[in-house]
Structure formats: C-alpha cells, structure tokens
Amino acid sequence: MLHIPLIVNIFISIGTYLMTLRMIPRFKEMFISASLYGKDLCKKTSDKIPESLGVISGCIFLVGLFLFIPIPFSFKEQTTKSNEFPHSEFVELVAALLSICCMILLGFADDVLNLRWRHKLLLPTIATLPILMVYYVNFNSTTIIMPKFIRPLIGHSLNIGVLYYIYMGMLAVFCTNAINILAGINGLEVGQSIVISISILIFNIIEILNNNQISGHLFSIYLITPFLTTSLALWNYNKYPAEIFVGDTFCYFAGMTFAVVGILGHFSKTLLLFFIPQIANFLYSVPQLFHLVPCPRHRLPKYNSETDLLDISSTIFVKNGLGVLGRTCVFLFRYFKLIKWQENKDGTITTNNFTLINFVLHVFGPVHEKILTRMLLGLQVVCTLIAFTIRYPMAKYFYDT
Ligand code: UD1
Ligand code: MG
C-alpha cells in the first residue's frame, strides 16, 4: 500500500539534504566574520574553522517540516472512517517543532554567549516545555507498566504523576548534553547522531510492521528522516579533516529531536537503549562533571604533531586534595583499571581525563584521529546491535509484549 505522507516526507528529506549541502559552504565565511569560529585542537594548522554550522542544518530541517505540517492531515480521510479532524496529532506535530525550534535558538545562544554549565542544564528543560504541556493536555498518562516480577508487590501498573514529567524533562537534558560531552574529534557529534537516528528508524519500521502503536512510530519517522538527511549533509563537511564545526547548537538540536520522538512516540525506554555509549561516557565523566576531580575546559585527546596521532589528555591533582567522594571514585576507577594512573615525583597524580574517547586511547594506545572516530562510531553500531538483542527478548521476559 502506498503511504502518501511517507513518500512526501522522503522527498522533502532529500530536498533538505541537497539544500544543506549547498548552503553550508556559502555561510562559512559569514560565520568567521561574525567571530563564530574555533581552532581545530588536533591539527598542525591553526586555521579558523567556522563553528555552530549545526544552526544551518537545523533551520533547513525546520523549513522542510513546516512545509510537511499539512501533509499527514490532508490524506487522512482515506485511512480513518470518522471525518473528525485529529486535533491531538496535529498539535503534537506543531509542539514537537516548537520544542526543537526553541532548542536550536537556545543552542545557538549558548554558542554565541558561551554559557556556563548550569545553564546547559536549564536550556533543554525550557525547550521541552511545549511538548510537556501538550502531553499534559492530550495524553496525560503518567502510568507506567510494571515488570512482571514486581507485579505481585505493586500491581500491574503504577501512576507516578508529576514524577513522569520530571522524568521526561530530564530525558531531554540527558540526550542533549550526553551528545555534547562525547565530542572533540572530527565528525563524532554528527556521526553518533547519524547512528542513533538510523537505529531509531529501524526500530520504528520493525514496530510498524508488527502493528504496534503505528501512529507514534510514523510520527517518529516523519521527524527522524529529515534529521538524518540534514545530518548526513553536515557530516560531509565535519568529517576528518573538518571544514566546519557543528557547535553546541547541533548537539542540542540532535538530542532534542531524539527526546521529542521518544516522548511523543512513547518509546523513551527503548530510546535510552540506543544511548549506551553516551550513558557509559556520562557515568565515567561524573567525577569530573561534578568537580570531584579537577576538570579542564577541554577534555579532548592530546594531539602529537610529530606523529600526527592522538593520545590521552590528562588531569593532574594532589591525592589528598580530593574530597571523600572524589577519592572513592578514583580508587574504584584505578582498581578496575579504567584509568591511566601515574604517581609523580612531586607527590601529584596524573590520570587521563574521564571520557570514553580517552578510555579507548588508554586501551588501544595512540591512534590517528580518523581511525579514532571510526572506532567510536563502530562501538556505537555494536551497542545498537546489543540494544536490539536486549529490547526484544528482554521486553518479552519482563513485560509479555
Ligand atoms: C565539550 C566537552 C569538552 C570537549 C569539547 C569538545 C565536557 C564536560 N565538555 O565541551 O571536554 O573538549 O566538548 O567539543 O566533556 N574541537 C576540535 N575538534 C573537533 C570538535 C571540537 O578541536 O572535532 C574544539 C574546537 O576548538 C572547538 C571546540 O572544541 O572550537 C568546541 O568546544 P565546545 O563545544 O564549545 O565545548 P563544550 O561543549 O563546552
Ligand atoms: Mg560542544
């Protein structure tokens, strides 16, 4: 059966791909003259690389979807018997775009103003408000289904009320920042977002073929397809050697798009399964993020201009200078050989910065930037395969679905 909205969506996505591909080179100089540029810290040259080009792909994504707004509703009559207009689906689509639009604006503001860490947590919370409000009006189901083994204790389901909204807000904060902190080598921010969006698309298609919650998964496909194509165009310029940087704008835009489809498509738990490397990177980073261990401004790997390879970047501290929590963390990391540990003559300690990128370098030694990106994206793909093997057998085991 031909699904007209889907076909139109694919055409629009191809259009946004071509548009992004054309627009980025034209804007490069403009960004540099507006002082929106950075230095590639893993290269010999110190050329100005335009930063925040994610705003271009984000805006083209929005224009494509604005044009798409009427499409699913113009062809609705063929599929539904009632002639009533599906107000709730309509407002969900518009609110989703409003949230993403808001996130692009706030992300761009972050790039221009270089906001502090606490603001980075606030921005996604503000941007999720449109979809949370729509969720409240439309759906307002805050009941979660319990896994089989605790049903005798609590019952089949539990209404967690306002906690559910807090969970959804935190999901957006997590998705956006988790991508932003797994960054620093060419192509990694966009590359991981491309792998995650392909994983989501595959999951949506499987669920539609299984006749599960079709409208939610269709909604997700409508948003993820143009996201994927615009990101592929961005990848073309951001891959090694990067001509442009995508900026925090892109990280927020990508994370928000994932959070929106996870929440409004009702698959937020499965969505998190596609974030295994980001979750690992976040947990590993916790001691530095919360300043239990000193955290330098940049934690990206250290470039060796003689060998053209990347090696771990490090942080130095005095062991007794750390608090109890900090000491416990480094003790555990050291015990499980998760970090490189070096005791210096002057009594200080040198360890690598706690990021997944540095961990890969700690295990495999100095690697070329291009290969390192491939290794991390390969890991992302392997984790998607693990996610699918967890999702289907485990869901059956825990929930009978
Ligand atoms: C996050 C990380 C930081 C990492 C940075 C790299 C945390 C808490 N923060 O900070 O450790 O160093 O991302 O993006 O984990 N850059 C490159 N090559 C790249 C991408 C970026 O050299 O492929 C450099 C450029 O100088 C660029 C800058 O990183 O200008 C962008 O950093 P920014 O996105 O502002 O850093 P944060 O997101 O704050
Ligand atoms: Mg960043």
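Coordinates for the structure precede this section.
What comes next is a walk through the structure.

The rules behind each value
Residues numbered from 1 in each chain as written. Chains lettered and ligands numbered in written order. Predicted model: local features only at pLDDT ≥ 70, side-chain atom pairs only at ≥ 80, totals over all residues. Heavy atoms only, no water. Helix = DSSP H or I, 4+ residues; strand = E, 2+ residues; numbered from the N terminus. Expected span 1.5 Å × (residues − 1). Buried < 20%, exposed > 50% of the residue type's maximum accessible area, 1.4 Å probe, protein only. Arc of directions from axis to C-beta. Contact = heavy atoms within 4.5 Å. Pairing = 2+ DSSP bridges. Donors = N, O, S within 2.8 Å, 3.2 Å for Na, K, Ca; no water. Axes fitted to C-alpha atoms, helices over the stretch in contact; angles between N-to-C directions. Parallel < 35°, antiparallel > 145°, perpendicular 65-115°, else oblique. Left-handed = near helix turned anticlockwise from the far one by under 90°. Nonpolar A, V, L, I, M, F, W, Y, C, P; charged D, E, K, R; others polar. 1 Å grid on protein atoms, 1.4 Å probe; cavity = no way out; pocket = protein on both sides within 12 Å on 5 of 7 lines; lining within 4 Å. Points joined across faces, edges and corners; volume = space filled by probe spheres on them. Near = heavy atom within 4 Å. Polar contact = N/O pair within 3.5 Å; in protein donor to acceptor, adjacent residues only side chain to side chain. Areas by Shrake-Rupley, 256 points an atom, 1.4 Å probe, with all protein chains shown as cover. Sits in = over half its atoms within 2 Å of the grid points. Salt bridge = Lys/Arg side-chain N within 4 Å of Asp/Glu carboxyl O.

Bringing helix H13 (residues 324-335) into the picture now. For H13, built from 12 residues, the straight-helix expectation of 16 Å at 1.5 Å per residue is met to within 8% by its first-to-last C-alpha distance of 16 Å. For H13, the set of buried residues is Gly-326, Cys-329, Val-330 and Phe-333. One side of H13 carries all its buried residues, which in axial view fall inside an arc of 90 degrees. Turned more than 90 degrees from where H13 packs its buried face, Val-324, Phe-331 and Tyr-335 sit exposed. Turning to H13, the residues buried within the fold contact helix H12 (276-289), strand E7 (314-318) and strand E8 (341-343).

Most of strand E9 (residues 348-352) is tucked away, with five of its five residues classed as buried. Both faces of E9 are covered, namely the face carrying Thr-348, Thr-350 and Asn-352 and the face carrying Ile-349 and Thr-351. With five bridges connecting them, E7 and E9 associate as antiparallel partners. Each residue of the ladder has a partner; that of Thr-315, found in E9, is Thr-351. Counted along the chain from E8 to the antiparallel partner E9, the turn is four residues long, and its residue Gly-347 has a positive phi close to 90 degrees.

On to the coordination of the magnesium ion (ligand 2), then. Protein ligation of the magnesium ion (ligand 2) involves Asn-180 (OD1) and Asp-248 (OD), the donor distances falling in the range 2.0 to 2.1 Å. Highlighted residues: Asn-180 in helix H7 (residues 162-181) and Asp-248 in helix H10 (residues 247-264), separated in sequence by 68 residues. Exposure remark for Asn-180: the relative accessible area of 12% places this residue in the buried category.

For the rest of this paragraph, the subject is the packing of helix H4 (residues 87-113) against H10. Axis separation between H4 and H10 bottoms out at 8 Å; the angle between their running directions is 160 degrees. Classified by the angle between their axes, H4 and H10 sit roughly antiparallel to one another. For the crossing formed where H4 meets H10, the hand is right-handed. Residue-level contacts link Glu-92, Ala-96, Ser-99, Ile-100, Met-103, Ile-104, Gly-107, Phe-108, Asp-110 and Asp-111 of H4 to Gly-247, Asp-248, Thr-249, Tyr-252, Phe-253, Met-256, Thr-257, Val-260 and Leu-264 of H10. Considered class by class, the residues forming the contact of H4 with H10 number 10 nonpolar, five polar and four charged.

Moving on, we get to the layout of surface pockets. As a volume, the largest pocket reaches approximately 1,500 Å³. Contributing elements (two or more residues each) for the lining of the largest pocket: strand E1 (37-39), H4, helix H5 (117-138), H7, H10 and H12. In terms of residue count, the dominant contributor to the lining of the largest pocket is H7 (seven residues). Classifying every residue of the lining of the largest pocket by side-chain character gives 23 nonpolar, 13 polar and 12 charged. In terms of lining, the second largest pocket is formed by 36 residues, of which the most central are Ile-145, His-266, Lys-269, Arg-391 and Tyr-399. Listed by contribution, the elements that provide at least two residues to the lining of the second largest pocket are strand E3 (143-145), H7, helix H8 (188-209), helix H11 (268-273) and helix H15 (369-399).

What follows covers the environment of Phe-219. Its place among the elements puts Phe-219 in helix H9 (residues 214-238). Judged by relative accessible area, which is 9%, Phe-219 ranks as buried. Sequence separation between Phe-219 and Glu-92 is 127 residues; the distance between their C-alpha atoms is 9.2 Å. In contact with Phe-219, not counting residues within four places along its chain, are Glu-92, Leu-93, Ala-96, Val-260, Val-261 and Leu-264.

Turning our attention to the site of ligand 1. Around ligand 1, a shell composed of 20 residues is seen, among which Lys-39, Glu-51, Asn-180, His-298 and Arg-299 lie nearest. Asn-186 places a polar side-chain atom, nitrogen or oxygen, 2.9 Å from an oxygen atom of ligand 1. Protein contact buries 92% of the 720 Å² of open area that ligand 1 shows by itself. Mapping ligand 1 onto the cavity grids shows that it belongs to the largest pocket.

Turning our attention to unusual backbone geometry. Omega for the peptide link from Tyr-240 to Pro-241 comes to -15 degrees, which places this bond in the cis form. With respect to the helices, strands and loops of the structure, Pro-241 is situated in the loop between H9 and H10. Unlike most non-glycine residues, His-266 shows phi in positive territory, near 60 degrees. Along the polypeptide, His-266 turns up in the loop between H10 and H11.

Topologically, Thr-355 is positioned in the loop between E9 and helix H14 (356-364). Side-chain polar atoms of Thr-355 contact the backbone nitrogen of Asn-358, separated by 3.1 Å. Aside from chain neighbours lying at most four places away, what touches Thr-355 is Asn-281, Tyr-284, Ser-285 and Arg-299.

What follows deals with the sheet that holds E7. If you walk across this open sheet you meet the three strands as E7-E9-E8, and the pairing is antiparallel. The sheet is open, and its two borders are formed by E7 and E8, each paired with just one other strand. The sheet shows a mean angle of 25 degrees between the axes of neighbouring strands, direction not considered. As paired strands, E8 and E9 are joined by three bridges and run antiparallel to one another. If you follow Glu-343 over to E9, its bridge partner there is Ile-349.

Turning our eyes to something else, we now look at the pattern of salt bridges. Applying the stated rule across the entire model yields six salt bridges. The salt bridge partner of Asp-248 is Lys-120, with a shortest N-O separation of 3.2 Å. Residue Asp-248 is located in helix H10, and its partner Lys-120 is located in helix H5; the two are separated by 128 residues in the primary sequence. We classify Asp-248 as buried; its relative accessible area is 15%. Overlapping salt bridges bring together Asp-40, Lys-43 and Glu-369 as one network.

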